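# Tertiary structure, described
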Protein chains: 2
Amino acid sequence: MPAPNAPGGRIPGPGYTKIQTRSMTYAVGFLLDHGLVFAADSRTNAGVDQVSLARKITRFEKPGERFMALLSSGNLAITQAVIRQLMEDLDTGEDGDLHAVPTMFAAARIVGAALRNVYEVDAEHLAEQGLEFNAAFIFGGQVEGGEARLFMIYSAGNFIEASVETPYLQIGETKYGKPIIDRTITHSSTLHQAIKCALLSFDSTMRSNVSVGPPIDIVAYERDSLKSGLRVSLAEGDPYLGLIREYWGGALRQAFYDMPDPDWLKSL
Amino acid sequence: MPAPNAPGGRIPGPGYTKIQTRSMTYAVGFLLDHGLVFAADSRTNAGVDQVSLARKITRFEKPGERFMALLSSGNLAITQAVIRQLMEDLDTGEDGDLHAVPTMFAAARIVGAALRNVYEVDAEHLAEQGLEFNAAFIFGGQVEGGEARLFMIYSAGNFIEASVETPYLQIGETKYGKPIIDRTITHSSTLHQAIKCALLSFDSTMRSNVSVGPPIDIVAYERDSLKSGLRVSLAEGDPYLGLIREYWGGALRQAFYDMPDPDWLKSL
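Structure report, in brief.

All names here are of chain B. With 20 residues, helix 5 (residues 239–258) extends 28 Å from end C-alpha to end C-alpha; this agrees with the ideal 28 Å at 1.5 Å per step. Every buried residue of helix 5 is listed here: Tyr-240, Leu-241, Ile-244, Trp-248, Gly-249, Ala-251, Leu-252, Ala-255 and Phe-256. The arc enclosing the buried residues of helix 5, seen along the axis, measures out at 165°, which places them on a common side. Looking at helix 5, the residues exposed on the side facing more than 90 degrees away from the buried face are Pro-239 and Glu-246. The backbone nitrogen of Tyr-240 lies 2.8 Å from a side-chain oxygen of the residue at the head of helix 5, namely Asp-238.

Written out as structure tokens, the structure reads:
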């Protein structure tokens, strides 16, 4: 059982100030034969009466040499501290320099190490306030001479990697949007398909969880391009988000009405 | 943070005997203008190496006078203790007698009270072993002279009720199967539609969580009939479950491929 003050989905009452702002919303990354696709919403909340925006996709790139994208979820103070440290170490030539690190694997270890540093400083103080040390990242990209890779980094700083068999990773509110991905995307899907699937996955999630919502940021990376590809931000009221919602809802309802009956149902 | 031994989705290693058998799988109930529909899978597990079956729908009925169905999830020792107590009190004329209780609201309070009794006896001992008191029920039916009603009873013994605006309630692994219900079912849907939607909702859940699986039990209740309607159990390998999986997967993929592109995607 979480402690009474833990941020565990409970809605704090008025005047409740202990809960910290978090982006426990939704982000997904795809590892495809053709490249990488990242999508994240931009909402954060510290209870339903304090919803605001924070960009959750951070890019690190040296065009022609390397491209990396970092998607965050969890306690915003923690994830911002990690990103600040990664930014500060850029171009220093130190161990934590994502602009100098030779491989994506070593880069993922740098992100994990930055998270562990924040843990060292903050975790005890959070625990004293009954708060969990809660943060997760999706991190992917490509460094010249290496393969495009995609990782999910846990709050403990260790990580798992996407593969041909498991071509996507999710953080935050992952479940509502998972069935559509499982049914449509494989490693050989195109970037187009992954982007449209990501938007459908967000549509399902937003319909079932009000704390996830636009703007939705999308970043696509074409394999071996070593620079950002398409970057789009779809705001509240975006016509394509509206079209998807209407089209997909209609297509699902039609498929549902057309679904054959089992014999045993004819008796009812 | 749950205690290290708590049943929180962690997979126990070999020789781990502390985890208790639970049915944290999936069950759903619908409150419709035409009646009630209940669906539940029958798997229980105490870790992935100990999966077995336990029926999760219990009916209490006196045809022509009352019909009730109880769906359970959580720690199997707790839910079985509750059901045993409800069974023992039947036809005793005591306060806990579901065969004598005058309204569905009073019946839901009886189920909640039975759960609280089990809590009094067991919770402390579970806590000593680092285990949570974890159980939930969906409970619905109709008593002569009253309306058909549907409740979800929490482990604390209190409960919420379905309504015209919220015509369904879920327990267990609820998220994967929620989007399809949100998109297709309202209070005015037919029993047919709710049964087919329940099976699709299970299909999505089973695809994404291996601990949910057939047999799937379905009980339908026609409003004012005051007796069980259709009762079906779909076993592993049931041809209709196979047909649904193939039909629905194909329909979703087709709808996905037919989905229009946004203008900004043409540049990719």
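Residues and elements named next belong to chain B. Among the secondary structure elements, Ser-201 is positioned in helix 4 (residues 191–208). By relative accessible area, Ser-201 is classed as buried at 0%. With 175 residues separating them in the primary sequence, Ser-201 and Tyr-26 have C-alpha atoms 9.7 Å apart. Excluding anything up to four places from it in sequence, Ser-201 contacts Tyr-26, Gly-177, Ile-180 and Ile-181. Among the polar contacts listed, one links the side chain of Ser-201 to the backbone oxygen of Gly-177, at a separation of 2.7 Å.

Another aspect to go through is the relation of the copies chain B and chain A. Once chain B is rotated about the relating axis by 180° and shifted along it by 0.0 Å, it coincides with chain A to within an RMSD of 0.0 Å. With respect to symmetry, the two chain copies, as superposed, fit the operation of a two-fold axis. A shared binding surface is used by both copies, with 100% of the interface residues of chain B retained as interface residues in chain A.

Once that is clear, we can look at unusual backbone geometry. Cis peptide bonds are those with omega within 30 degrees of zero, and the linkage from A:Pro214 to A:Pro215 qualifies with 0°. Tracing the backbone shows A:Pro215 in the loop between helix 4 (191–208) and strand 11 (216–222). For B:Leu226, which is not glycine, the phi dihedral falls at a positive 55°. Tracing the chain through its elements places B:Leu226 in the loop between strand 11 (216–222) and strand 12 (231–234). By relative accessible area, B:Leu226 is classed as buried at 10%.

Bringing the sheet that holds strand 6 (residues 66–74) of chain A into the picture now. Residue and element names in this part refer to chain A. Strand order in the open sheet formed by five strands is 5-6-7-8-9, and the pairing between neighbours is antiparallel. At either end of the open sheet lies a strand with only one pairing partner, and these are strand 5 (57–62) and strand 9 (159–161). Neighbour to neighbour, the strand axes of the sheet diverge by 20° on average, direction disregarded. The pairing of strand 5 with strand 6 spans six bridges and is classified as antiparallel. The residue bridging Arg-59 from the neighbouring strand is Ala-69, located in strand 6. Relative to strand 6, helix 1 (residues 76–88) is tilted by about 160°, and along the sheet it contacts strand 5, strand 6 and strand 7 (135–143).

Glancing now at the side chain of B:Lys178. With respect to the element layout, B:Lys178 can be found in helix 3 (residues 178–184). Aside from chain neighbours lying at most four places away, what touches B:Lys178 is A:Tyr176, A:Ser208, B:Tyr168 and B:Gln170.

Quick notes on the rules
Residues numbered from 1 in each chain as written. Chains lettered and ligands numbered in written order. Predicted model: local features only at pLDDT ≥ 70, side-chain atom pairs only at ≥ 80, totals over all residues. Heavy atoms only, no water. Helix = DSSP H or I, 4+ residues; strand = E, 2+ residues; numbered from the N terminus. Expected span 1.5 Å × (residues − 1). Buried < 20%, exposed > 50% of the residue type's maximum accessible area, 1.4 Å probe, protein only. Arc of directions from axis to C-beta. Polar contact = N/O pair within 3.5 Å; in protein donor to acceptor, adjacent residues only side chain to side chain. Contact = heavy atoms within 4.5 Å. Least-squares fit on C-alpha atoms with pLDDT ≥ 70 in both. Pairing = 2+ DSSP bridges. Axes fitted to C-alpha atoms, helices over the stretch in contact; angles between N-to-C directions.

No statement about biological role is implied by the geometric values presented.
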